[in-house]
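Working through the structure, step by step
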Amino acid sequence: MDEGERHELGMKTRRSVLGDAHVDRAEANKTAFTSDFQDLITRYAWGEIWTRQRFDHKTRRLLVLSMMVALGRWEEFVMHVRAALFEGELEPEDIKEVLLQCAIYCGVPAANTAFKEAADAVAEYEKASA
Amino acid sequence: MSERYERGLAALTALNGPDGVAVIDKLSEFAPAFGEQLVEFIFGDVYTRPQLDLRTRQIVTISALAAMGFALPQLEIHVRGGLRAGLTREELTEIIHHVAAYSGFPAALNAMAVVRRVCAEAEAAAADTH
């Protein structure tokens, strides 16, 4: 696979995981300063890692959520919660279980913040699917 | 012993085998209430919830421990637990691919070294019994 094809595959994966609306926004906000970075993550994270066959996207979504809680990367955490609910096959129950597990390994305050950070996306999802 | 403790101890033994029980026994000599809380909260309350299967719990836990970076002794125990829960060597290394992108290569390299060591030990132990 050449790098052009990898970028294309990465973009397709990124769109399927994060949703068109998010990726369109990210693409529209691209600047000369950020475009090399956008290209790199599209080829590497999306084109090389998320495309590997060993785990399905559901499993990958869960493990990314737990790492974002472990590191306290709340912006990225919320983005993945939203994507997991609206673009993926995760339900609020699945996210809740990951956060309970994180309470053990990352500490109760990390899980507490995670529940708060996830709350808006969960509420929107529940309203939309009611 | 409380029902919660009994339930937790059974879950701990299923996941971690004699390693896990040894940790609790050692703790019980020095700080008995701490060992009790560990069994009750981690295993009696969280691990026994049916909403997330043990294999997925291990994926989530290994990701979090690898991301935090300082918890390599616990990572080692959970990689062993992961093998016991049915994760293969290939699936364990697959988790670390994600760790590299989401938590940085230093965390991934340290975690990969743990996975490699535990898998080598498990393979040697399996060869011994043949």
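For every chain, the first residue of the written sequence is number 1, and numbering continues from 1 onward in sequence order. Labels are handed out in written order, letters beginning with A for the chains and numbers beginning with 1 for the ligands. Given that the model is predicted, a residue must reach a pLDDT of at least 70 before its local features are reported, and side-chain atom pairs must reach 80 or more before they are shown or counted; all residues, however, enter totals for whole chains, interfaces and linings. Side-chain metrics rest on all non-hydrogen atoms present in the structure, leaving aside hydrogens and water.

- The name given to chain B in an unreviewed UniProt entry is 4-carboxymuconolactone decarboxylase, with Breoghania corrubedonensis as the source organism.

- Per an unreviewed UniProt entry, chain A goes by 4-carboxymuconolactone decarboxylase and derives from Breoghania corrubedonensis.

1. Quick word on helix α6 (residues 92–106) of chain A
- Helical segments are the DSSP runs of H or I of at least four residues, strand segments are the runs of E of at least two, and each set is numbered from the N terminus. For a helix, the expected span equals 1.5 Å multiplied by the number of residues minus one. Its 15 residues place the ends of α6 of chain A 20 Å apart at the C-alpha level, agreeing with the 21 Å of an ideal helix rising 1.5 Å per residue.
- The rule is simple: take the accessible area with a 1.4 Å probe, protein chains only, and divide by the maximum for that residue type; under 20% is buried, over 50% is exposed, in between is partly exposed. Every buried residue of α6 of chain A is listed here: P92, D94, I95, E97, V98, L99, Q101, C102, A103, I104, Y105 and C106 of chain A.
- Any two residues whose heavy atoms approach within 4.5 Å are treated as being in contact. Those residues of α6 of chain A hidden inside the fold are in contact with α4 (57–71), α5 (74–86) and α7 (108–129) of chain A together with α2 (32–47), α3 (54–68) and α4 (72–84) of chain B.
- In the segment just after α6 of chain A, G107 of chain A is the residue with positive phi, at about 100°.

2. Here's the deal with the UniProt feature "domain: Carboxymuconolactone decarboxylase-like" (unreviewed entry) in chain B
- In this structure's numbering, the residues bearing the UniProt feature "domain: Carboxymuconolactone decarboxylase-like" (unreviewed entry) are residues 32–116 of chain B.
- With 84% helix and 0% strand, the stretch residues 32–116 of chain B has end C-alpha atoms that lie 33 Å from each other. UniProt positions are given in the numbering used here, feature names are shortened, and annotations may be inferred rather than shown by experiment.

3. Topic: the packing of α4 of chain A against α6 of chain A
Residues and elements named next belong to chain A.
- Axes here refer to lines fitted to C-alpha atoms; in helices the fit is confined to the stretch in contact. Angles between the N-to-C directions go from 0 to 180 degrees. For the pair α4 and α6, the least separation of the axes is 10 Å and the interaxial angle reads 40°. Relative to α6, the element α4 is oriented oblique. Seen along the crossing, α4 lies across α6 with a hand that is right-handed. Where α4 abuts α6, its residues K58, L62, L65, S66, V69 and A70 lie against D94, I95, V98, L99, C102 and C106. Geometric relationships in this document are graded by angle, where less than 35 degrees denotes roughly parallel, more than 145 denotes roughly antiparallel, 65 to 115 denotes roughly perpendicular, and other angles denote oblique. Crossings are classed by handedness, with left-handed meaning an anticlockwise turn of the near helix from the far one by less than a right angle and right-handed meaning a clockwise turn.

4. What to know about the interface of chain B and chain A
- The interface is formed by 31 residues belonging to chain B together with 29 residues belonging to chain A.
- The term buried area denotes the loss of accessible surface (1.4 Å probe radius) that occurs when two parts are joined, taken as the sum for both partners. Approximately 2,800 Å² of surface area, both sides summed, lies buried where chain B meets chain A, with 69% of it carried by carbon and sulfur atoms.
- The largest per-residue losses of area from chain B upon contact with chain A belong to E94, H98 and Y102 of chain B, which jointly make up 27% of the total buried on that side.
- Within this document, salt bridges are pairs made up of a side-chain nitrogen of Lys or Arg and a carboxyl oxygen of Asp or Glu, the two lying within 4 Å of each other. Connecting chain B to chain A are four salt bridges.
- Ionic pairing is found between R60 of chain A and E94 of chain B, a salt bridge with its closest N-O pair at 2.9 Å.
- Within 3.5 Å is the distance limit for a polar contact, defined as a pair of N or O atoms, with the added protein rule that one can donate a hydrogen and the other accept it, and that residues adjacent in sequence qualify only through two side-chain atoms. Where chain B touches chain A, the interface holds 13 residue pairs in polar contact (both at pLDDT 80 or more).
- Where the side of chain B that touches chain A is concerned, the elements lending two or more residues are α2, α3 and α5 (89–103) of chain B.

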